[in-house]
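# Structural features, examined
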Amino acid sequence: QVQLVESGGGLVQPGGSLRLSCAASGRIFRINYGGWYRQAPGKERELVATVSIGGSNNYADSVKGRFTIARDNAKTTMYLQMNSLKPEDTAVYYCNAQDTLIRPDYWGQGTQVTVSS
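Residues numbered from 1 in each chain as written. Predicted model: local features only at pLDDT ≥ 70, side-chain atom pairs only at ≥ 80, totals over all residues. Heavy atoms only, no water.

### Let's talk about the state of the cysteines
Condition: Only a pair of cysteine sulfur atoms within 2.5 Å counts as a disulfide in this structure description. Helix and strand definitions here come from DSSP, where helices need a minimum of 4 consecutive H or I residues and strands a minimum of 2 consecutive E residues; each element is numbered from the N-terminal end. Partly exposed residues are those whose accessible area sits between 20% and 50% of the maximum for their type, while under 20% is buried and over 50% is exposed, using a 1.4 Å probe and protein chains only.
Inspection of every chain in the model, using the stated rule, returns one disulfide. Disulfide partner of Cys-22: Cys-95, at an S-S distance of 2.1 Å. Looking along the S-S bond of the Cys-22-Cys-95 disulfide, the torsion reads about 65°, which is the right-handed sense. Taken together, the residues Cys-22 in strand β3 (residues 18–26) and Cys-95 in strand β9 (residues 91–98) connect sequence positions 73 residues apart. With a relative accessible area of 0%, Cys-22 lands in the buried category. Residue Cys-95 is classed as buried on the basis of its relative accessible area of 0%.

### Observations regarding the environment of Tyr-93
Operational definition: Note on definitions: a residue-residue contact is assigned when non-hydrogen atoms from the two residues lie within 4.5 Å. Counting of polar contacts relies on pairs of N or O atoms within 3.5 Å, with two restrictions inside protein: one atom must be capable of donating a hydrogen and the other of accepting it, and residues adjacent in sequence are counted only when both atoms are side-chain atoms.
Secondary-structure assignment places Tyr-93 in strand β9. Residues Tyr-93 and Val-2, spaced 91 residues apart in sequence, show a C-alpha to C-alpha distance of 19 Å. The residues contacting Tyr-93, other than those within four sequence positions of it, are Glu-6, Leu-20, Trp-36, Tyr-37, Arg-38, Val-48, Phe-67, Leu-80, Met-82, Gly-110, Thr-111 and Val-113. Within the structure, the side chain of Tyr-93 is placed 2.9 Å from the side chain of Arg-38, a separation counted as a polar contact.

### Observations concerning the pairing of β3
This is how it is decided: Note on pairing: DSSP must find at least two bridges between two strands before they are called paired.
Note that strand β1 (residues 2–7) and β3 share six bridges and pair antiparallel. Its bridge partner lying in β3, Val-5 is registered against Ala-23. Two elements, β3 and strand β8 (residues 77–82), share six bridges in a ladder whose sense is antiparallel. Note that in β8 the partner of Cys-22 across the bridge is Met-78.

### Some words on the pairing of β9
Burial analysis of β9 places seven of its eight residues in the buried class, which makes it a mostly covered element. Across three bridges, the pairing between β9 and strand β11 (residues 111–115) is antiparallel. Bridge pairing links Val-92 to Gln-112 in β11.

### A few points about unusual backbone geometry
Despite not being glycine, Lys-75 has its phi angle at roughly 60°, a positive value. One can find Lys-75 in the loop between β7 (67–71) and β8.

What follows is the structure, encoded as structure tokens:
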């Protein structure tokens with residue numbers, strides 16, 4: 001079994017930065033396909049950013065130029081660097097990861113990000 005443990009959320013003022021982490025543990029597991037999602041109160045869960053085995057990254061239009069998704073060299077931890085945060089970025093952020101596309105994906109427990117003055 002694989003567990004994804006998120007950390008790094010919190011309260012930040014508009015314009016500030018946070019870095020979220022998503023660490024994989026359990027069986028040998030490489031984050032070859034990963035993504036960050038978020039869900040604000042009363043809204044659907046939405047895709048924020050993805051990274052794939054080839055290293056290509058994709059971002060939602062609302063976060064382009066402000067957020068960066070990355071992995072460590074071992075591909076056991078995934079990050080989301082969030083800069084120039086806005087109140088509308090407030091949400092619970094979830095990570096999602098797969099090692100191969102023929103195996104199930106896994107979700108983290110979620111971490112709260114609140115952007116407020």
